[in-house]
Protein chains: 2
Amino acid sequence: MNLLLLHADDFEGGPPSGSEEARASVRGRRAEHVGGIHRAELGDDLRVGVLGGRLGVGRVLALTPGHVELAVRLDREPPEALPVRLVLALPRPPVLKRVLIHATSLGLKRIALIHSRRVEKSYWQSEALSEKTLMAQLLLGLEQGGDTVLPRVTQHRRFRPFVEDELGAFLMDAQGFVPHPDATVECPRDTAGPLTVVIGPEGGFIPFEIERLTEVGVQPVNLGSRVLRVEAAVPYAIARLT
Amino acid sequence: MNLLLLHADDFEGGPPSGSEEARASVRGRRAEHVGGIHRAELGDDLRVGVLGGRLGVGRVLALTPGHVELAVRLDREPPEALPVRLVLALPRPPVLKRVLIHATSLGLKRIALIHSRRVEKSYWQSEALSEKTLMAQLLLGLEQGGDTVLPRVTQHRRFRPFVEDELGAFLMDAQGFVPHPDATVECPRDTAGPLTVVIGPEGGFIPFEIERLTEVGVQPVNLGSRVLRVEAAVPYAIARLT
């Protein structure tokens, strides 16, 4: 947790709109983390941010197990979003959780989870896709990356309708790339401007799916002969492309 | 498992030295995977490789639960190693396991696990550092990346003696880089030649440690204001630098 993420209702009367000091009261996991893992003490200054709002500093006024009182000053905007959108073939639930944290900590603000031939249908029944569990990962990602602005995550349980009817609008004016071991074009580096990265399932997209993606303007690119796990492929592809 | 990794003693009389066909007999986890997850059938051609040796094809001759018989032909060399060495502040055990898989699948052949101020001392007692468990992750990484050549992993339980006495030889003629949020030099892209990447613990290296690393020629570089989890930082930094 590189940032203590405060919610509007942690403040009496809501978060401060200017740079004046405000009191916040935090309980539960976040308070345990501050006291236990960070070993914060009275008077310490913690990096804080308000969900959807600004960053600043919170001075510890009171600290008991499971409860922290802070004097908060907010003085700067959250970091700029990374202009990258992610389309991700739904991985198995524990991998999904980690990928959501990684993508959020990297600063992505738009993630579409899609079906594909090699996605196990049972994954769509997972509790990892509940609003509550998705949100928990996104919050961990914001805390990791020092950000306050949640990504939007959508679920698309049919490949072809998503690609044919929705992906065009999703791409907008961005370049789209899908790493694929058979691609003849080497993955470009340091692309300028917004982009969309499409990451297939373990086992890869089938040729039919690559064809449909190509038809709507997503370029298959080669990242080398080695096939990475999804959770490594996401940061690897984004680092290479941006 | 993108590659079925065969061991010398899976072959009667050892693996073939030329391109002649040889019989291999596989049991245990690998056989379960071939039959269960890959749903291989009699006559299927599987991608195989011999640990430390060449790649080729194995035709399924017999398949029962927990046992696979293959007719193996080896016809090509494993992919080239990635000329990147990794120095990694020991992460907590489950993260270590995943990072070893990622690094191995990327083609790294040399990994040094080191202590640092913000590494929990108890991590050094973990069963994840036993030869058997380390080897299990490296084999998973080879299977993932389609490679046969194991990386060498060493453990260094004292930061300063490692950096002052061993890191110079470890670097050899390679450039060394350590991602660090306070670094003023932006992380270079697409560096030519061999390099060493030094990845700190969650919470980062302390200033003293960055100074010692800098003294032996490791350059602190900035990967942006966002701090990534170790398991995302490793593929991210390697993709950016190579």
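Residues numbered from 1 in each chain as written. Chains lettered and ligands numbered in written order. Predicted model: local features only at pLDDT ≥ 70, side-chain atom pairs only at ≥ 80, totals over all residues. Heavy atoms only, no water.

> So what about the relation of the copies chain B and chain A? Which residues, and what values?
The relation between the two chain copies is a rotation about an axis coupled with a shift along that axis. Screw-axis analysis of chain B against chain A gives a translation of 0.0 Å along the axis, an RMSD of 0.0 Å, and a rotation angle of 180°. Here the two chains are linked by the operation of a two-fold rotation axis. For chain B, the minimum C-alpha distance to the rotation axis belongs to Tyr 236 of chain B and amounts to 2.4 Å. The fraction of interface residues of chain B whose copies in chain A are also interface residues reaches 100%, indicating that both copies meet through the same surface. (Least-squares fit on C-alpha atoms with pLDDT ≥ 70 in both. Contact = heavy atoms within 4.5 Å.)

> Can you lay out the side chain of His 33 of chain A for me, pointing to particular residues and giving the numbers?
Within the element layout of this structure, His 33 of chain A appears in helix α1 (residues 29-36). Those residues in contact with His 33 of chain A, other than ones at most four positions away along the chain, are Met 1 and His 38 of chain A. (Helix = DSSP H or I, 4+ residues; strand = E, 2+ residues; numbered from the N terminus.)

> Now, about the state of the cysteines: what can you tell me, with residues and values included?
Tallied over the full model, the rule gives 0 disulfides over all chains. No disulfide involves Cys 187 of chain A; its sulfur sits 16 Å from the nearest other cysteine sulfur, which is in Cys 187 of chain B. For Cys 187 of chain B, a relative accessible area of 4% gives the class buried. (Disulfide = S-S within 2.5 Å. Buried < 20%, exposed > 50% of the residue type's maximum accessible area, 1.4 Å probe, protein only.)

> An account of helix α4 (residues 159-171) of chain B is requested, with residue identities and associated values reported.
Residues and elements named next belong to chain B. Its 13 residues give α4 an end-to-end C-alpha distance of only 16 Å, which falls more than 12% under 18 Å, the value for a rise of 1.5 Å per residue. Of all the bends in α4, the greatest, near 45°, is centred on Asp 165. Looking at α4, one finds that the buried residues are Phe 159, Phe 162, Val 163, Leu 167, Phe 170 and Leu 171. Note on α4: the residue one or two positions beyond its end, Met 172, has a positive phi of about 50°. (Expected span 1.5 Å × (residues − 1). Bend = angle between axes of the 7 residues up to and from the residue.)

> Which residues make up the sheet that holds strand β1 (residues 4-6) of chain A, and what values do they have?
Residues and elements named next belong to chain A. If you walk across this open sheet you meet the 5 strands as β1-β3-β4-β5-β2, and the pairing is mixed. Sheet topology places β1 and β2 (22-27) at the edges, where each strand pairs with a single neighbour. Averaged over all pairs of adjacent strands, the angle between strand axes in this sheet comes to 40°, irrespective of strand direction. Inspection of the sheet shows strand β3 (residues 45-50) paired to strand β4 (residues 55-64) by 5 bridges, in the antiparallel sense. (Pairing = 2+ DSSP bridges. Axes fitted to C-alpha atoms, helices over the stretch in contact; angles between N-to-C directions.)

> Account for the environment of Ile 199 of chain A, naming residues and giving values.
Relative to the helices and strands, Ile 199 of chain A is located in strand β10 (residues 195-199). When sequence neighbours within four positions are dropped, the list of residues in contact with Ile 199 of chain A reads Leu 86, Val 87, Leu 88, Ala 89, Pro 179, Phe 205, Val 230, Ala 233, Val 234 and Ala 237 of chain A.

> Break down the packing of helix α2 (residues 93-106) of chain A against helix α6 (residues 230-241) of chain A for me, citing the residues and quoting the values.
All names here are of chain A. Between α2 and α6, the least distance of the axes is 9 Å, while the angle of their chain directions is 20°. As judged from the angle between their axes, α2 and α6 are roughly parallel. Read as a crossing pair, α2 and α6 show a hand that is right-handed. Where α2 approaches α6, its residues Val 95, Arg 98, Val 99, His 102 and Leu 106 are matched on the opposing element by Val 230, Glu 231, Val 234, Pro 235 and Ile 238. Split by residue class, the contact of α2 with α6 holds 7 nonpolar, 1 polar and 2 charged. (Parallel < 35°, antiparallel > 145°, perpendicular 65-115°, else oblique. Left-handed = near helix turned anticlockwise from the far one by under 90°. Nonpolar A, V, L, I, M, F, W, Y, C, P; charged D, E, K, R; others polar.)

> How would you summarise the pattern of salt bridges if you had to cite specific residues and measurements?
Side chains that differ in charge, positive against negative, can pair when their charged atoms come close. Going through the model one piece at a time under the given rule, you end up with 26 salt bridges over all chains. Glu 21 of chain B serves as the salt-bridge partner of Arg 73 of chain B, at 3.8 Å between the closest nitrogen and oxygen. A residue pair is termed long-range when its members are at least 10 positions apart, and Arg 73 of chain B in strand β5 (residues 67-76) and Glu 21 of chain B in the loop between β1 (4-6) and β2 (22-27) qualify at 52 residues. Looking at Arg 73 of chain B, the relative accessible area reads 44%, which means it is partly exposed. For Glu 21 of chain B, a relative accessible area of 47% translates into the label partly exposed. One salt bridge connects Glu 211 of chain B with Arg 212 of chain B, and the closest N-O pair in it is separated by 3.9 Å. A cluster of three or more residues bridged by salt bridges with shared partners is formed by Arg 98 and Glu 231 of chain A together with Arg 98 and Glu 231 of chain B. (Salt bridge = Lys/Arg side-chain N within 4 Å of Asp/Glu carboxyl O.)

> Explain the interface of chain B and chain A to me, using residue names and the numbers behind them.
Counting from both sides, the interface comprises 33 residues of chain B and, opposite them, 33 residues of chain A. Taking both sides of the interface into account, the surface hidden between chain B and chain A amounts to around 2700 Å²; carbon and sulfur atoms contribute 49%. Seen at the junction of chain B and chain A, the total is 6 salt bridges. As a salt-bridge pair, Glu 231 of chain A and Arg 98 of chain B come within 3.8 Å of each other at their nearest N and O atoms. At the level of secondary structure, the elements contributing two or more residues to the side of chain B that touches chain A comprise α2 (93-105), α3 (131-145) and α6 (230-241) of chain B. Ranked by residues supplied to the side of chain B that touches chain A, first place goes to α6 of chain B with 7 residues. For the side of chain B that touches chain A, a count of residues per class yields 12 nonpolar, 9 polar and 12 charged. (Buried area = accessible area lost by both parts, 1.4 Å probe.)

> So what's going on with the domain arrangement of chain A? Which residues, and what values?
Interface size, as often reported, equals the accessible area lost upon joining of the parts. Residues and elements named next belong to chain A. According to the domain assignment, chain A consists of domain 1 (4-76) and domain 2 (84-241). Centre-to-centre separation of domain 1 and domain 2, based on C-alpha positions: 33 Å. Across the contact, 12 residues belong to domain 1 and 8 residues belong to domain 2. Overall, the association of domain 1 and domain 2 removes approximately 680 Å² of surface from exposure, summing both partners, and the carbon and sulfur fraction of that is 63%. The partner of Glu 143 in a salt bridge is Arg 29, with the nearest N and O atoms 2.8 Å apart. Scanning the region where domain 1 abuts domain 2 turns up 3 residue pairs in polar contact (both at pLDDT 80 or more). For the side of domain 1 that touches domain 2, the elements supplying multiple residues, two or more each, are α1 and β3. Here the side of domain 1 that touches domain 2 takes 3 residues from β3, the largest share from any one element. Classifying every residue of the side of domain 1 that touches domain 2 by side-chain character gives 4 nonpolar, 4 polar and 4 charged. (Domains from an automatic or database assignment. Polar contact = N/O pair within 3.5 Å; in protein donor to acceptor, adjacent residues only side chain to side chain.)

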